[in-house]
Amino acid sequence: EILFTRRLLLLKKLPRTAEGYKLVQENGQLHLLAMNFLSAYESDDDDINLSTTNSCASQPHNQTCNDMSTATDSISTIRGYVSQRKRKHAVADLECGVKKVQEDKEVIQTLSFYDSESKVRSCSDAYRVSRKKLINFTEHTAPVTSLDWHKHDHRLLMSSSMDHSVRVWDPYMQQCCMANHKPLNAAVQVSRWVTSHTAVCGGYSKQAVFMDLNTLQNILTLKQDSFVTAIKVHPTNRNDVIVGTYKSQIHSWDTRSGKIVNTYGGADGQILDIEFLTDNVEMVASADVVKKNSSSETVVVWDYRSTIVRSNQIYQEPYTCPSLCSHPYEHSFVAQSNANYAVIFSARRPYKLNKYKRFEGHQVMGYRIAVDISPCGSLLCSGDANGQLYCYNYKTSRILSVQQAYSGSACIDCTFNPGLCSIATCSWDGQVTIW
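Heads up: these notes are all about the structure in this document. Since this is a predicted model, take the numbers as computed values, not measurements.

**Focus on the environment of M162**
(1) Moving on: Relative to the assigned elements, M162 resides in the loop between β5 (157-161) and β6 (166-170).
(2) Moving on: Looking at M162, the relative accessible area reads 27%, which means it is partly exposed.
(3) Moving on: In the structure, M162 is positioned 25 residues away from A187 in sequence and 4.1 Å away in space, judged by C-alpha atoms.
(4) Moving on: For M162, the contacting residues outside a window of four places in its chain are A142, P143, T145, A187, V188, Q189 and W428.

Structure follows, in structure tokens:
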């Protein structure tokens, strides 16, 4: 390795500035050798030995002279001529080696995250967990529509179903249903945690209901003009709840006063999903377009405070997006398309579509198949209309594993646990599974 580096430094075509020696300085052991050669190369290339001798004569008893003499001895031991083609290949190989080391360091830093016990885990652990079923709940008697992990107590999982019920599960300690509440007199479409013991749900009763899961009572009822199809709680201000309806209406409610704060317009059709972008200043929603020649308005971005439409020309293909998911730390979000793939969009204007990366292999077939990203940001999971659970590598979009979660029923929702290495899935036949 040292001999290869010495040969590389003697190439006449190699830049003699910081750009030429940046490659060598990546290795800490060869840093001193690179600095010695840098001092030797300050003079003309054709007369390296002569310039080194003159420098030593001017400083006979200096440390710099000793370094120069060492460099001169090293140079005198190298023989042979290297062609221009081999010089280019040598520089390219060294650049590729340094780049690979930097990428490996970034992957190691990205894959690690902390769980509730402050132990370092990697996303490969979550990938191994997804291959085995830990427990399967079958108490729901109708299709399960949504899942949501508790943000602080990572042992609790909430599910909503079309059997008019909202259930809270403890799959790790008690391994049973901790709470069963029926807040609506109709099917429940979506439910989300608000605080440690309160949640909000909505469905086909044209109401958004806030409930206390400790006492199993309704706290507040927000009447809507149509069916509630999507709910999103603000990540930092838990008193603000965004409610999307069947008639393309999106309202921001204040749970303390029970009044509408803002109304967001510009979408066509029922609201399928709502998601906040990385900085929580902008909000993106997907809609089921019903108007002619308006397929470009399936994904719309608003400014959260001013309710101004930032862009409605994001997704140009004639397919709806039933699910949205924001990346935990990158400025991007993923949209599940009914064209049987998931795509990545930039979370910054002009919200460009990543044309070189898409997650393909799973089938949507008109179901509201959800997609989710792991807390470390390197894994992506998606349900499937055939009852399979797909896990993808987020950076390469390659399929890591395909598990047959349910037979004869679609896998509707899948979500990563925010603190533990596990995945929760639900099916159209009323099952809830922990992987």
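**A short note on the sheet that holds strand β28 (residues 411-416)**
(1) Moving on: Taken in spatial order, the four strands make up an open sheet running β3-β30-β29-β28, and their pairing is antiparallel. Lying at the two open borders of the sheet, with one neighbouring strand each, are β3 (135-137) and β28. For this sheet, the mean inter-axis angle between neighbouring strands, taken without regard to orientation, is 15°.
(2) Moving on: As judged from the three bridges shared by β3 and strand β30 (residues 432-434), these two strands associate in the antiparallel manner. The partner of N136 across the bridge, within β30, is T433.

**Digging into the pattern of salt bridges**
(1) Moving on: This model, assessed by the stated rule, comprises nine salt bridges.
(2) Moving on: Between K151 and D148 there is a salt bridge, with the nearest N and O atoms lying 3.7 Å from each other.
(3) Moving on: Assessed through its relative accessible area of 46%, K151 is described here as partly exposed.
(4) Moving on: Exposure remark for D148: the relative accessible area of 8% places this residue in the buried category.
(5) Moving on: Between E317 and R358 there is a salt bridge, and its shortest N-O distance comes to 3.8 Å. Separated by 41 residues along the polypeptide, E317 in the loop between β19 (309-311) and β20 (323-326) and R358 in strand β23 (residues 353-360) bring together distant segments of the chain.
(6) Moving on: The exposure class of E317 is partly exposed, given its relative accessible area of 25%.
(7) Moving on: Under the relative-accessibility criterion, R358 is labelled partly exposed at 32%.
(8) Moving on: Several salt bridges converge on common partners, so that one network encompasses D153, R155 and D170.

**A word on the sheet that holds β6**
(1) Moving on: Spatially, four strands are ordered β4-β5-β6-β7 in an open sheet, and the strand pairing comes out antiparallel. Two strands bound the open sheet, and with one partner strand each, they are β4 (144-149) and β7 (176-181). The sheet shows a mean angle of 20° between the axes of neighbouring strands, direction not considered.
(2) Moving on: Bridge count between β6 and β7: five bridges; the pairing is antiparallel. Pairing of D170 across the sheet is with C176, part of β7.

**Brief notes about a nonpolar patch on the surface**
(1) Moving on: Together, M365, Y367 and W428 make up a nonpolar patch on the protein surface, roughly 300 Å² of accessible area in all.
(2) Moving on: Along the polypeptide, W428 turns up in the loop between β29 (423-427) and β30.

Parameters at a glance
Residues numbered from 1 in each chain as written. Predicted model: local features only at pLDDT ≥ 70, side-chain atom pairs only at ≥ 80, totals over all residues. Heavy atoms only, no water. Helix = DSSP H or I, 4+ residues; strand = E, 2+ residues; numbered from the N terminus. Buried < 20%, exposed > 50% of the residue type's maximum accessible area, 1.4 Å probe, protein only. Contact = heavy atoms within 4.5 Å. Pairing = 2+ DSSP bridges. Axes fitted to C-alpha atoms, helices over the stretch in contact; angles between N-to-C directions. Salt bridge = Lys/Arg side-chain N within 4 Å of Asp/Glu carboxyl O. Patch = residues over 30% accessible without salt bridge, like charges linked within 9 Å, V, L, I, M, F, W, Y side chains within 5 Å. Areas by Shrake-Rupley, 256 points an atom, 1.4 Å probe, with all protein chains shown as cover.

These values are about where atoms sit, not about what they do.
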